[in-house]
Amino acid sequence: MPFNNHFNLNRFVRLFQQDLLINRTKYLLAILGLGLITYLLTYWFLSSSKGSIMSYAESINIFYMVCFVFFMMGVGVIVGTAFPDFTDKIKTANYLLIPGSTFEKFLVQFLLRIGFFIPIALGIFWIAIRLAKASLLPEMINGNQFFDPVKVPYFEYCLLVTREGKLWDTWQILLMIFGFFSYGTYLFAGSTFFKRYALVKTVVISIILFFSGILFSMLLSNVFYSSPRFFDIQFYAFQVTDNFDSTEFSLLSLSLLSWVFFLPIAYFKLKEKEA
């Protein structure tokens, strides 16, 4: 069909509006659900950890980081369930027949699931976790220690990249940001690759690849370094710059560049389905 070969802005806008019109309730419930769950879990964790928060100031930053990781797992579920029509043969056929180029359909899902949803979700997380902290009440804990919520800092995103009051190095911040983004694009690509249970299969494959990489590293360590125990992993690291070594450089490169491969995979897999 000729409209599959070029990008048309008006048609793209109509596709975008159509998706919002059909799935607006799902998107709204997903955002509100993430916010409510974040608030309840954060409040429960804070309430049950008052002693450690008061005795160890750095524990609040660790706690906020743990909450953020779990929240991003929930965001990953939304991202990894893109192209929901691919779970059914009839819906898939109808979706592929919708007038629009492959790039337009790809861009609609990318913007909805990543481009727009993730910034909104980050805002919801910021609001929910601060509301949870604001809901704490002063009380005596352990019989002799007074818990004062005023002394607990409100969540700010800079706390995620701060340790003992010192900001992380630039490469560490980039590693975290692009690490989450690259894994999100990986989940997004998986939604086009598998027909059913795409999210589950994509996560399982990532776990298999992760542990396979660890086992392969163990094997190489025993072959080249003669490790005393098989489960030891040894790396020959060298300084790339004054700030980080070769291992850190490899992790940073993987984080920065992975999404460049995952997005084209998603696009061409979608194009293959329409062929």
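Residues numbered from 1 in each chain as written. Predicted model: local features only at pLDDT ≥ 70, side-chain atom pairs only at ≥ 80, totals over all residues. Heavy atoms only, no water.

**A short note on the side chain of Glu-104**
- Within the secondary structure, Glu-104 sits in helix α5 (residues 102-134).
- Of the polar contacts made by the side chain of Glu-104, one reaches the backbone nitrogen of Ser-101; its length is 2.9 Å. (Helix = DSSP H or I, 4+ residues; strand = E, 2+ residues; numbered from the N terminus. Polar contact = N/O pair within 3.5 Å; in protein donor to acceptor, adjacent residues only side chain to side chain.)

**Points about the UniProt feature "transmembrane region" (unreviewed entry) in the chain**
- Feature annotation in UniProt places "transmembrane region" (unreviewed entry) on residues 27-46, 62-86, 106-129, 171-190, 202-225 and 249-268, given in this structure's numbering.
- Its end C-alpha atoms 39 Å apart, residues 62-86 is made of 72% helix and 0% strand.
- Strand forms 0% of residues 171-190 and helix 100%; the C-alpha atoms that close the span are 28 Å apart. (UniProt positions renumbered as here; feature names shortened; annotations may be inferred.)

**With respect to the packing of helix α6 (residues 170-193) against helix α8 (residues 246-274)**
- Packing of α6 against α8 leaves a shortest axis separation of 8 Å and a crossing angle of 20°. Relative to α8, the element α6 is oriented roughly parallel. As for how α6 packs across α8, the hand of that crossing is left-handed. (Axes fitted to C-alpha atoms, helices over the stretch in contact; angles between N-to-C directions. Parallel < 35°, antiparallel > 145°, perpendicular 65-115°, else oblique. Left-handed = near helix turned anticlockwise from the far one by under 90°.)

**Some points on a nonpolar patch on the surface**
- Where nonpolar side chains cluster on the molecular surface, the patch consists of Tyr-56, Ile-62, Val-66, Val-69, Phe-70 and Met-73 and spans about 560 Å² of accessible area.
- By secondary structure assignment, the location of Val-66 is in helix α3 (residues 59-79). (Patch = residues over 30% accessible without salt bridge, like charges linked within 9 Å, V, L, I, M, F, W, Y side chains within 5 Å. Areas by Shrake-Rupley, 256 points an atom, 1.4 Å probe, with all protein chains shown as cover. Salt bridge = Lys/Arg side-chain N within 4 Å of Asp/Glu carboxyl O.)

**A short note on the domain arrangement of the chain**
- Considered domain by domain, the chain is made up of domain 1 (1-167) and domain 2 (175-274).
- On a C-alpha basis, the centroid separation for the pair domain 1 and domain 2 is 23 Å.
- The partner domain 2 presents 19 residues to the 24 residues of domain 1 that form the contact.
- Of the roughly 2,000 Å² buried at the junction of domain 1 and domain 2 (both faces included), carbon and sulfur atoms supply 78%.
- Contact with domain 2 buries surface across domain 1, with Phe-86, Thr-102 and Phe-106 losing the most and accounting together for 30% of the total.
- At the junction of domain 1 with domain 2, the criterion picks out zero salt bridges.
- Here domain 1 is connected to domain 2 by zero residue pairs in polar contact (both at pLDDT 80 or more).
- Contributing elements (two or more residues each) for the side of domain 1 that touches domain 2: α3 and α5.
- Per-class residue counts for the side of domain 1 that touches domain 2 are 16 nonpolar, seven polar and one charged. (Domains from an automatic or database assignment. Contact = heavy atoms within 4.5 Å. Buried area = accessible area lost by both parts, 1.4 Å probe. Nonpolar A, V, L, I, M, F, W, Y, C, P; charged D, E, K, R; others polar.)

**Here we look at the pattern of salt bridges**
- With the rule as written, the count across this model stands at three salt bridges.
- Linking Arg-11 and Glu-104 is a salt bridge whose minimum nitrogen-to-oxygen distance equals 2.8 Å. On the criterion of sequence distance, the pair formed by Arg-11 in helix α1 (residues 9-48) and Glu-104 in helix α5 is long-range, its members being 93 residues apart.
- Judged by relative accessible area, Arg-11 falls into the buried class, the value being 11%.
- Residue classification places Glu-104 among the buried residues on the basis of a relative accessible area of 0%. (Buried < 20%, exposed > 50% of the residue type's maximum accessible area, 1.4 Å probe, protein only.)

**Quick notes on the packing of aromatic side chains**
- Using the criterion set out here, one finds 31 aromatic pairs in the structure.
- On the basis of an interplanar angle of 75° and a centroid distance of 6.1 Å, the ring pair of Phe-45 and Phe-63 is categorised as edge-to-face. Of this pair, Phe-45 sits in helix α1 while Phe-63 sits in helix α3, and the two are 18 residues apart along the sequence.
- The interplanar angle of 85° and the centroid separation of 5.9 Å between the aromatic rings of Phe-106 and Tyr-267 together place this pair among those described as edge-to-face. Of this pair, Phe-106 sits in helix α5 while Tyr-267 sits in helix α8, placing them 161 residues apart in sequence. Each member of the pair Phe-106 and Tyr-267 is classed as buried.
- If you follow Lys-269 out to its NZ or CZ, it ends over the ring of Phe-193, 4.7 Å from the centre.
- Lying across the ring of Phe-86, Lys-273 places its NZ or CZ 5.0 Å from the centre. (Phe/Tyr/Trp six-rings, centres within 6.5 Å; stacked < 30°, edge-to-face > 60°. Lys NZ or Arg CZ within 6 Å of the ring centre and 35° of its normal.)

**Here we look at α5**
- With 33 residues, α5 should cover 48 Å at 1.5 Å per step; its first-to-last C-alpha distance of 47 Å lies within 8% of that length.
- Along its length, α5 reaches its greatest deviation from straightness, about 50°, at Phe-117, and the proline Pro-119 lies no more than four positions downstream. (Expected span 1.5 Å × (residues − 1). Bend = angle between axes of the 7 residues up to and from the residue.)

**Overview of the state of the cysteines**
- The final tally for this structure, using the stated rule, is zero disulfides.
- Here Cys-67 stays unpaired: no disulfide links it, and the sulfur of Cys-158, its closest cysteine neighbor, is 16 Å away.
- The exposure class of Cys-67 is buried, given its relative accessible area of 10%.
- What makes Cys-158 partly exposed here is its relative accessible area of 45%. (Disulfide = S-S within 2.5 Å.)

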